[in-house]
Amino acid sequence: MRCPYCGSLDDKVIESRTMANGESIRRRRECNACGYRFTSYERIEEKPFMVIKRDGRRQPFDRQKLEKGIERALEKRSVTTGTIENLVNEIEDAAIMSCKTTREISTSSLGELVLKRLYKLDKVAYIRFASAYKHFETLEEFLTEIKNAEGANQ
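Because the structure is predicted, anything quoted here is derived from the model rather than measured.

Conventions used here
- Numbers given to residues run from 1 along each chain, matching the order in which its sequence is written.
- Residues qualify for local features only when their pLDDT is at least 70, as the model is predicted, and side-chain atom pairs are given and counted only at 80 or more; totals for whole chains, interfaces and linings, by contrast, use all residues.
- Note that the side-chain values use all heavy atoms of the structure and ignore hydrogens as well as water.
- A carboxyl oxygen of Asp or Glu within 4 Å of a side-chain nitrogen of Lys or Arg is what we treat as a salt bridge.
- A run of DSSP states H or I qualifies as a helix once it reaches four residues; a run of E qualifies as a strand once it reaches two. Both are numbered from the N-terminal end.
- Buried residues are those whose accessible area, probed at 1.4 Å on protein chains only, stays under 20% of the maximum for their type, while exposed residues exceed 50% and partly exposed ones sit between those limits.

Draft legend 1. Fine view of the pattern of salt bridges. Applying the stated criterion across every chain yields a total of ten salt bridges. Among the ionic pairs, Glu 85 bridges to Arg 63, the shortest N-O distance being 2.7 Å. Placement of Glu 85 in helix H2 (residues 81-98) and of Arg 63 in helix H1 (residues 63-73) is noted, with a sequence separation of 22 residues between them. Look at Glu 85 and you get partly exposed, because its relative accessible area is 32%. Where Glu 92 meets Arg 63, a salt bridge forms, and the shortest distance between an N and an O atom there is 2.5 Å. With Glu 92 in helix H2 and Arg 63 in helix H1, the pair connects residues that are 29 residues apart, well separated along the chain. When its relative accessible area of 18% is taken as the criterion, Glu 92 is described as buried.

This is how it looks when you write it as structure tokens:
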């Protein structure tokens, strides 16, 4: 670490402290050349988790956007806020774990994760989300999805 006073690269660490729940480290240093004491901070720099849109654009993963879509699908259903929060956490964790090396996920893969979890939780919410996600063009496509949900339920 370069001394801010004399510019020397020769220093020693006097004290290290974990900060921010282990997400960063504060180090007190002393320059061996001039004796000047200074503080440095270290933290992990993570590549942001990205979502690849259908048109190929990439944008940062937005947890609030995911949560809003799920809440819209579950609107006026008897599902608690805690359950919704857990569902969003599960989906976010599954998305990040499935794309650990690339840190990118397509909207289609993310949508499938949501559909899978909503199907287990609430069939009406599943159909609501599927209708927006799959962009049904005709009534027949919508009815087919409902029949598939009913058939798998029996």
